[in-house]
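In case you want the letters, here they are:
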Amino acid sequence: MLLPADYHMHTPLCRHASGEPVDYARHAAAIGLSEIGFSDHSPMRQDDFDNWRMRFGQLDEYVEKVRRAQKEFPQLTIRLALEVDFLPGQEGWIRELATRHPWDYFIGSVHYVSDSWDIDNPAKIAEWKKRDAFEVWEIYFDRLALAARSKLFEIIGHADLPKKFGIRPARDCRPLYEKFLNAAATAGCAIELNTAGLRKDCREIYPSRELLEIAFQKNVPITFGSDAHAPEEVGLNFVEAIKLARDVGYKSSRRFAQRKSFQNEL
């Protein structure tokens, strides 16, 4: 099976990953991938915003690390990208980041449903007990729709991240999915099949089959990502992700270069 590109990988600069880009590239080549993309957590304007992303002064170092991997593994197509947090009011900062280097794509992700609560942070899991799950999911998907509508991103990351700890609303979330996916379809923004969910409490690929089925109905394109935080996670569970995509009806995925898209058959 020809594996699609793995477009979601991190580096030690984010302070919660191990292995250098050359190590990720080496593993990618060993398992038969022909294309990968590094998309580490982008810096915020304030370096002390949180403790799980690179600092602004490390941005050039990050690019140099990816360029080294490109030189050492010329048989691999290696893309340079960022996973960028979307927070309302930060659009100017994202546009500024976009001018810093010749990026191939941006993954837009929502981790924060307020200025201080990153919902996937294990250190803050107690916050979930203080909130109604549906209300949290509603805020999250509202922000995800804004991210798609902004047209600042080629890909939206892990589109149902709030399920990470297995906390799901009792109410039907389909209207939330619809609103977000309408925005993605209008903007021409892809969503990723992120296999990291299989390694979390939810034990499910991001997004769920239900969300992906709606995405297919609305012609929202897809990419694939392992969300690797260690070299051995590159391409992990891609066979399951490809099967899910095909079962839903997808016959192709998107590739990106210099922020332009190309189609790739599954």
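In the block above lies the structure referred to throughout.
We now turn to the structure provided with this report. (Residues numbered from 1 in each chain as written. Predicted model: local features only at pLDDT ≥ 70, side-chain atom pairs only at ≥ 80, totals over all residues. Heavy atoms only, no water.)

## Comments concerning the pattern of salt bridges
Applying the stated criterion across every chain, the model contains 23 salt bridges. A salt bridge links arginine 174 to glutamate 178; its shortest N-O distance comes to 3.4 Å. Of this pair, arginine 174 and glutamate 178 both sit in helix H5 (residues 174-187), separated by four residues, roughly a single helical turn. When its relative accessible area of 30% is taken as the criterion, arginine 174 is described as partly exposed. Here the salt bridges do not stand alone but share partners, grouping Asp160, Lys163, Arg168 and Glu204 into one network. (Salt bridge = Lys/Arg side-chain N within 4 Å of Asp/Glu carboxyl O. Helix = DSSP H or I, 4+ residues; strand = E, 2+ residues; numbered from the N terminus. Buried < 20%, exposed > 50% of the residue type's maximum accessible area, 1.4 Å probe, protein only.)

## Some words on the pairing of strand E3 (residues 105-109)
For E3, a buried count of five out of five residues is recorded, marking the element as mostly surrounded by other parts of the structure. The side-chain alternation of E3 yields two buried faces, one formed by Tyr105, Ile107 and Ser109 and the other by Phe106 and Gly108. What joins strand E2 (residues 77-85) to E3 is helix H3 (residues 91-98), and the crossover it makes is right-handed. Where E3 meets strand E4 (residues 155-156), two bridges bridge the pair, whose relative direction is parallel. The residue of E4 that forms the bridge with isoleucine 107 is isoleucine 155. (Right-handed = clockwise from strand over helix to strand, strands pointing away. Pairing = 2+ DSSP bridges.)

## Let's talk about the packing of helix H1 (residues 21-30) against helix H2 (residues 59-72)
Put simply, H1 and H2 touch, their axes get as near as 8 Å, and they point 35° apart. In terms of crossing hand, the pair formed by H1 and H2 is right-handed. Within the contact between the two elements, H1 uses Pro21, Val22 and Ala25 and H2 uses Lys65, Val66, Arg68, Ala69 and Glu72. Its residues placed into classes, the contact of H1 with H2 shows five nonpolar, no polar and three charged. (Axes fitted to C-alpha atoms, helices over the stretch in contact; angles between N-to-C directions. Left-handed = near helix turned anticlockwise from the far one by under 90°. Contact = heavy atoms within 4.5 Å. Nonpolar A, V, L, I, M, F, W, Y, C, P; charged D, E, K, R; others polar.)

## Focus on the packing of aromatic side chains
Each pair of aromatic rings is reported with the distance of its centres and the angle of its planes. Within this structure, the stated rule accounts for 16 aromatic pairs. Look at tyrosine 24 and phenylalanine 38: their rings are 5.9 Å apart centre to centre, the planes differ by 70°, and that puts the pair in the edge-to-face class. In this pair, tyrosine 24 is assigned in helix H1 and phenylalanine 38 in strand E1 (residues 35-41), connecting sequence segments 14 residues apart. You'll find tyrosine 24 and phenylalanine 38 in the same group, each marked buried. Through successive ring pairs, a cluster of aromatic residues spans Trp137, Tyr140, Phe141, Tyr177 and Phe180. Positioned above the aromatic ring of tryptophan 52, the side-chain terminus of arginine 53 is 4.4 Å from the ring centre. Across from the ring centre of phenylalanine 106, 4.2 Å away, lies the NZ or CZ of arginine 259, which sits over that ring. (Phe/Tyr/Trp six-rings, centres within 6.5 Å; stacked < 30°, edge-to-face > 60°. Lys NZ or Arg CZ within 6 Å of the ring centre and 35° of its normal.)

## Examining the state of the cysteines
Following the criterion strictly, the structure yields zero disulfides and no others. As a non-bridged cysteine, cysteine 202 has cysteine 173 as the owner of its nearest cysteine sulfur, 14 Å distant. A residue is classified by how much of its surface remains accessible, and cysteine 202, at 10% relative accessible area, is buried. (Disulfide = S-S within 2.5 Å.)

## A closer look at helix H4 (residues 133-150)
Its 18 residues give H4 an end-to-end C-alpha distance of 26 Å, which sits within 8% of 26 Å, the value for a rise of 1.5 Å per residue. Residues of H4 that are buried: Ala133, Phe134, Val136, Trp137, Tyr140, Phe141, Arg143, Leu144, Ala145, Ala147 and Ala148. Two or three places before phenylalanine 134, at the start of H4, stands the capping residue aspartate 132, its side-chain oxygen 3.2 Å from that residue's backbone nitrogen. Where H4 ends, the next residue or the one after it, lysine 151, has phi of about 60°, a positive value. (Expected span 1.5 Å × (residues − 1). Polar contact = N/O pair within 3.5 Å; in protein donor to acceptor, adjacent residues only side chain to side chain.)

## Observations concerning the nonpolar core
Counting 79 residues, the largest nonpolar core has Tyr62, Phe180 and Ile191 as the members making the most contacts within it. Sort the elements by how many residues they give to this core and H4 lands first, with nine residues. Counting eight residues, the second-largest nonpolar core is a separate cluster that includes Tyr7, Ile107, Ile155 and Phe256. (Core = buried A, V, L, I, M, F, W, Y, C linked by side-chain atoms within 4.5 Å.)

## Thoughts on the side chain of aspartate 104
Among the secondary structure elements, aspartate 104 is positioned in the loop between H3 and E3. No salt bridge is formed by the buried aspartate 104; its nearest oppositely charged neighbour, arginine 79, is found at 4.4 Å. Here glutamine 258 takes part through its backbone nitrogen, which lies 2.7 Å from a polar atom of the side chain of aspartate 104. (Lys, Arg positive; Asp, Glu negative; His and termini not counted.)

## Topic: the sheet that holds strand E5 (residues 190-194)
Spatially, E1-E2-E3-E4-E5-E6 is the arrangement adopted by the six strands of the open sheet, whose pairing is parallel. The open sheet has two edge strands, E1 and strand E6 (222-225), and neither has a second partner. For E5 and E6, the ladder comprises four bridges, and the chain directions are parallel. Looking at the pairing, asparagine 194 lines up with glycine 225 of E6.

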